[in-house]
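Residue strings, one per chain:
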Amino acid sequence: MQANRIFFSNHYLFRSSFVHSFTDPYFQMNHNLLKVSHLTKQFGEIKAVDDLSFSMDKGFIYGFLGQNGAGKSTTIRMLLDLIRPDEGSIEIFGMELKKHRNEIMRQVGAIIERPDLYKYLSAWEHLKMFATMSGIKYKRAQLMEQLALVGLAERAHSKVKTYSQGMKQRLGIAIALVHDPALVILDEPTNGLDPQGIADMRNLILSLCHEKGKTVLVSSHLLSEVELIADSMLIIDRGRKLVEGKVNELFDPSEHLCELITSDNATAIEKIRSSALGVYLKEEREEAILLKAPKEQVPLLVKQLVEMDIPVLSLHTRHSLEDYFLSLTTKRDAASSVKN
Amino acid sequence: MKTIYIIFLTLFITGKGFSQSADEAIKKVKARLEKVNDYQAVGKMKTNVIFIKAPIANIKVYYKRPDKLRINNEQGISFVPKGSVNINLNNVFLNTEGFDIIDMGKEAKSGFRIIKLLPRDENSDVVLSTLHIDEVNGLVMRARTTTRDNGTYELQMSYGRYADFGLADKVILEFNTKEYKLPKGVTFDYDDGSKKPPTDKMNNKKGKVEIVYTSYTINKGVSDSVFK
Amino acid sequence: MLLPLLRIELYKIFRRPRTYISFGAIAAIVWLVQIALKFDGPAYIDLLLNNIKESFLINADLKHKILNGYLICFVILNTILIQMPLLVALVAGDSIAGEANMGTLRLSMTKPIGRTQYILVKFLASVIYTVMLLVWMALLALFGSMLIFGTNDLIVMRSDSIEQMRAYDVVWRYLAAFCYAAVALSAVAALAFLLSVLAENSIGPIIATMSIIIVFTILSEMNIPIYDETVKPWLFTTHMVAWKGFFYVKTDAEGVTIDGSIQNLPAIFRSLSILLGYIILFAGTATWIFRKKDILS
């Protein structure tokens, strides 16, 4: 909650597409496009998602980051009503998902991992089918346009079994977009794609947001992919939220993140909060305290910590989000690499 | 006392003309039967065999002297008992060496003469025939034939329009059947929970076939091919 | 929404090459039986009539008449309906599990379609496929045999009786039997479907369905008194063969069959209601589970 509070107190850097949001009813009603509160899901002994809360506004690209097994897929599946949460609530377009599932899903397009699709059907047949299932009336030209968008127009009538992995993935995107949804959820869309495919996907996501005004949630275990396109970012680990914020804040070259480890973090937090340093406090965790301060303030900050008699064990300053991400997510398993 | 006397008297009188009456009766019957060289008859056959559930069949019966007989179901299917050849009484008199006649007297109730025929031919399939003859009309009303190989057949006849030719309007044939049982592996059975007939009923191995003739075409010729 | 969805499901089923294996298998069995009986039919009839040949005249003409299209169809039905559950399970068992395996279940379930609606449509599609198989079989086995062998009275040889139906009294019995078989096989489809909801690959439900049917059929066929009154009446496999009841006729007091009669119609209706009960149970449970289920595939 603390993190949330800090996040919302920060000012936005408007992007061109964000202007649309002012006319949007949800925005005017002071609603988020998507709001997740205290989401929890347990599979047996394992808490896949643990008290996760976050929100999204219309017209942005959200990066959803975490290592494999961090709980991204479970979260996304809960957003799509594929998995039922044990606790917590999900609101999309100002409606509760539990009660208005179909209404919401009419405006949501999603692709989760890599679907194999129906090998014996063509791309064209897939689109027709899923357009019907999405409850829209379509015209042939409209569907062909969708296929052209993902570069499958020429192979529209070939069976999917003749497609490459990348083509299947692109067809998946076309299926997700067939009914022109307001919210697009893409789970690891670049998985299994070659570098060109990854670049294409990136451009597609950017154009969806900036040209078509869609809100996109894109998950990945690779920060490098998300940081180039995302406006905001949510990083989770072991089902818990680590960080949520605007990329340009998390990754502001003028600001540094200081990861402070003391011999008594609890006392240190108390002291920091009640002092002038309180304004720099970003996040409190058991293992570390995160402070964010302008670059030139960092030496002063160190000095003050010492003056306040805080037993500093270490203080790392970060200036790269990648570095930050690594620091957040590799602790539990130093051997595993994020770039696997 | 009076009735006993009458019975004694009757026995005495009839006993006196034993062989003569029997011979005459047989002759009279044979004379009628010999009028028929062939016939073709149309009728309906009802089968009453415990293990066969069959509908009434429309049949055609073909006969040609001396011993050709065929029952055909022209359209549907009918199981025709082997003893059915005996529904033509000529068969009874058919054997090369003739037969011995034993007059058994008259049946008290109906007044029909009971005659036993014993074929002299030792190779004859028929071992014994017992006929109940209506002497007045020269018609065999009942016949019971015991054969060497196929058990005993019993015939009951009623006459009408074709009595002149000794041809019945209705014949009931009773015959012996073997027990019917097929292994379940061969058949495609299913137990519908119906109550099975009690076993003593199933052991009743008598079958019955009833033929009601609607018309005969007599002595107009019958092709040999129908008997093949 | 129900109809377009159903059309999609049927489209998927009938666009898939695998579907036609079943149709091919049925055609193969039907043709094999027809060929065998075309060439060796009289010998087969001999075998069946062996028991009565001492009391009745059995000639070539009779055998030829007995060996008509209606009998051929009856023989085929007896042969095929034992194998049909496998063909039904092939599609019904794959229905949900196959989608899970292909990753299309999660894709479909992100569409604005309620889970109950989705599963009912899926089940309905499996049932329609089953009916189509039966229609195909009827075309080949009944009408095909009628063309090849002609028609006459139908003789059904049971282990302790011979049932005879007039030629004009047969076709409706087959139609009734096919309808009954559709219900019986729908029960199989419902079972396979239920198992399909629980699995994430289609082999499991197909094999499990067949195993259950084999075990139940053995139990149904066993003539052990303790099962007769207790277990057997409640096994759906016991009731799957009740279609044969349409070919058992009533007789009057003189042992003459009554046209258009059925020996034990209440028994058929009882079996039918038990099968319907199973369909509701299986499909209902499948729906209930699927509604609550987390889609993790």
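Placed above this text is the structure.
What counts, and where the lines are drawn
Residues numbered from 1 in each chain as written. Chains lettered and ligands numbered in written order. Predicted model: local features only at pLDDT ≥ 70, side-chain atom pairs only at ≥ 80, totals over all residues. Heavy atoms only, no water. Helix = DSSP H or I, 4+ residues; strand = E, 2+ residues; numbered from the N terminus. Buried < 20%, exposed > 50% of the residue type's maximum accessible area, 1.4 Å probe, protein only. Contact = heavy atoms within 4.5 Å. Areas by Shrake-Rupley, 256 points an atom, 1.4 Å probe, with all protein chains shown as cover. Pairing = 2+ DSSP bridges. Axes fitted to C-alpha atoms, helices over the stretch in contact; angles between N-to-C directions. Parallel < 35°, antiparallel > 145°, perpendicular 65-115°, else oblique. Left-handed = near helix turned anticlockwise from the far one by under 90°. Nonpolar A, V, L, I, M, F, W, Y, C, P; charged D, E, K, R; others polar. Buried area = accessible area lost by both parts, 1.4 Å probe. Salt bridge = Lys/Arg side-chain N within 4 Å of Asp/Glu carboxyl O. Polar contact = N/O pair within 3.5 Å; in protein donor to acceptor, adjacent residues only side chain to side chain. Core = buried A, V, L, I, M, F, W, Y, C linked by side-chain atoms within 4.5 Å. Phe/Tyr/Trp six-rings, centres within 6.5 Å; stacked < 30°, edge-to-face > 60°. Lys NZ or Arg CZ within 6 Å of the ring centre and 35° of its normal.

Novice: Give me the lowdown on the overall build of chain B, citing residues and values where you can.
Specialist: Check the secondary structure of chain B and you find 3 helices and 12 strands. Taken across its 228 residues, chain B has 48% of its residues classed as buried. Restricting to contacts in chain B with at least 6 residues of sequence separation, those with at least 24 account for 55%. For chain B, the exposed area adds up to about 12100 Å²; of that, 53% sits on carbon and sulfur atoms.

Novice: Got a sec to walk through the pairing of strand S10 (residues 152-159) of chain B? Specific residues and values, please.
Specialist: Residues and elements named next belong to chain B. Buried residues dominate S10, accounting for 6 of its 8 residues. Bridge analysis of strand S9 (residues 139-147) against S10 gives 5 bridges, and the strand direction is antiparallel. Among the inter-strand pairings, Ala-143 is bridged to a residue of S10, identified as Leu-155. Hairpin connection, S9 to S10: the antiparallel pair is bridged by 4 residues, and Gly-151 has positive phi, about 75°. The pairing of S10 with strand S11 (residues 168-176) spans 6 bridges and is antiparallel. Bridge assignment links Ser-158 to a residue of S11, and that residue is Lys-170.

Novice: Outline the pairing of S9 of chain B, listing residues and values.
Specialist: Residue and element names in this part refer to chain B. The pairing of strand S8 (residues 126-134) with S9 spans 8 bridges and is antiparallel. Its bridge partner being in S9, Ile-133 is matched across the sheet by Val-140. The turn linking S8 back onto S9 is made up of 4 residues, and Gly-138 within it adopts a positive phi angle of 65°.

Novice: Describe in detail the packing of helix H8 (residues 171-198) of chain C against helix H12 (residues 265-292) of chain C, supporting the description with residues and values.
Specialist: Residue and element names in this part refer to chain C. Viewed as axis vectors pointing N to C, H8 and H12 meet at an angle of 20°, and their least axial separation amounts to 9 Å. Judged by the inter-axis angle, H8 sits roughly parallel to H12. Every pair of crossing elements has a handedness; the one defined by H8 and H12 is left-handed. For the pair H8 and H12, the contacting residues are Tyr-180, Val-183, Ala-184, Ser-186, Ala-187, Ala-190, Leu-191, Phe-193, Leu-194, Val-197 and Leu-198 in the first and Ile-268, Ser-271, Leu-272, Leu-275, Leu-276, Ile-279, Phe-282, Ala-283, Thr-285, Ala-286, Ile-289 and Phe-290 in the second. Partitioned by chemical class, the residues of the contact of H8 with H12 number 20 nonpolar, 3 polar and no charged.

Novice: I'd like to hear about the interface of chain A and chain C, residue by residue, with values.
Specialist: In this complex, chain A contributes 34 residues to the contact, which on the side of chain C involves 32 residues. Summed over both sides, the interface between chain A and chain C buries roughly 2900 Å², with carbon and sulfur atoms accounting for 58% of that surface. Sorting the residues of chain A by area buried against chain C places Leu-82, Tyr-120 and Met-133 of chain A first, and these three jointly supply 25% of that buried surface. Remark: the boundary between chain A and chain C carries 2 salt bridges. A salt bridge links Arg-15 of chain C to Glu-125 of chain A, with the shortest nitrogen-to-oxygen separation between them at 2.8 Å. Where chain A meets chain C, there are 21 residue pairs in polar contact (both at pLDDT 80 or more). At 5 residues, the largest contribution of residues to the side of chain A that touches chain C is made by helix H5 (residues 123-133) of chain A. Taken together, the residues of the side of chain A that touches chain C break down into 18 nonpolar, 5 polar and 11 charged.

Novice: Go over the nonpolar core, please, and point to the residues and values.
Specialist: Soluble, globular proteins show a tendency: their nonpolar side chains are buried together. Grouped together as the largest cluster of nonpolar side chains are 246 residues, with contacts concentrated most on Tyr-39, Phe-79 and Ile-87 of chain B together with Leu-154, Tyr-174 and Phe-247 of chain C. For this core, the leading source of residues is H8 of chain C, giving 20 residues. In terms of nonpolar packing, the next biggest core, distinct from the first, is built from 15 residues, Cys-258, Leu-291, Leu-305 and Ile-310 of chain A among them.

Novice: Hey, could you go over the pattern of salt bridges for me, with residue numbers and the actual values?
Specialist: With the rule as written, the count across this model stands at 38 salt bridges over all chains. Among the ionic pairs, Glu-163 of chain C bridges to Lys-53 of chain B, the shortest N-O distance being 2.9 Å. Here Lys-53 of chain B lies in strand S2 (residues 52-53) and Glu-163 of chain C lies in strand S3 (residues 162-165), a pairing that spans two chains. For the residue pair Glu-163 of chain C and Lys-53 of chain B, the accessibility class agrees, reading buried in each case.

Novice: Outline the packing of aromatic side chains, listing residues and values.
Specialist: As enumerated under the stated definition, the model contains 28 aromatic pairs over all chains in all. On the basis of an interplanar angle of 85° and a centroid distance of 6.0 Å, the ring pair of Phe-236 of chain C and Phe-282 of chain C is categorised as edge-to-face. A residue pair is termed long-range when its members are at least 10 positions apart, and Phe-236 of chain C in helix H11 (residues 236-240) and Phe-282 of chain C in helix H12 qualify at 46 residues. We classify Phe-282 of chain C as buried; its relative accessible area is 10%. Put simply, the rings of Tyr-70, Phe-74, Tyr-174, Phe-178, Trp-243 and Phe-247 of chain C pair up and form one aromatic cluster. Directly above the ring of Trp-124 of chain A sits Arg-140 of chain A, whose terminal nitrogen or CZ lies 4.7 Å from the centroid.

Novice: Requested: an account of the sheet that holds strand S7 (residues 113-119) of chain B, with residues and values cited.
Specialist: The strands making up a sheet associate through backbone hydrogen bonding, with each pair oriented either parallel or antiparallel. Residue and element names in this part refer to chain B. Taken in spatial order, the 10 strands line up as S4-S3-S1-S12-S11-S10-S9-S8-S7-S6 in an open sheet, and their pairing is antiparallel. Because the sheet does not close on itself, it has two edges, and the strands there are strand S4 (68-72) and strand S6 (99-106). Pairs of neighbouring strands in the sheet enclose a mean axial angle of 20°, with direction left out of account. Here strand S1 (residues 38-48) runs beside strand S3 (residues 57-64); their pairing, made up of 8 bridges, is antiparallel. Looking at the pairing, Met-45 lines up with Ala-57 of S3.

Novice: Explain the environment of Asn-219 of chain B to me, using residue names and the numbers behind them.
Specialist: All names here are of chain B. Relative to the elements of secondary structure, Asn-219 occurs in the segment after strand S12 (206-218). Overall, Asn-219 belongs to the partly exposed group, its relative accessible area being 33%. Along the primary structure Asn-219 and Val-36 are separated by 183 residues, whereas in three dimensions their C-alpha atoms are 6.2 Å apart. Beyond its immediate stretch of four places on either side in the chain, Asn-219 contacts Lys-35, Val-36, Asn-37 and Asp-38. Here Lys-35 takes part through its backbone oxygen, which lies 2.8 Å from a polar atom of the side chain of Asn-219. There is a polar contact of 2.6 Å between the side chain of Asn-219 and the backbone nitrogen of Asn-37.

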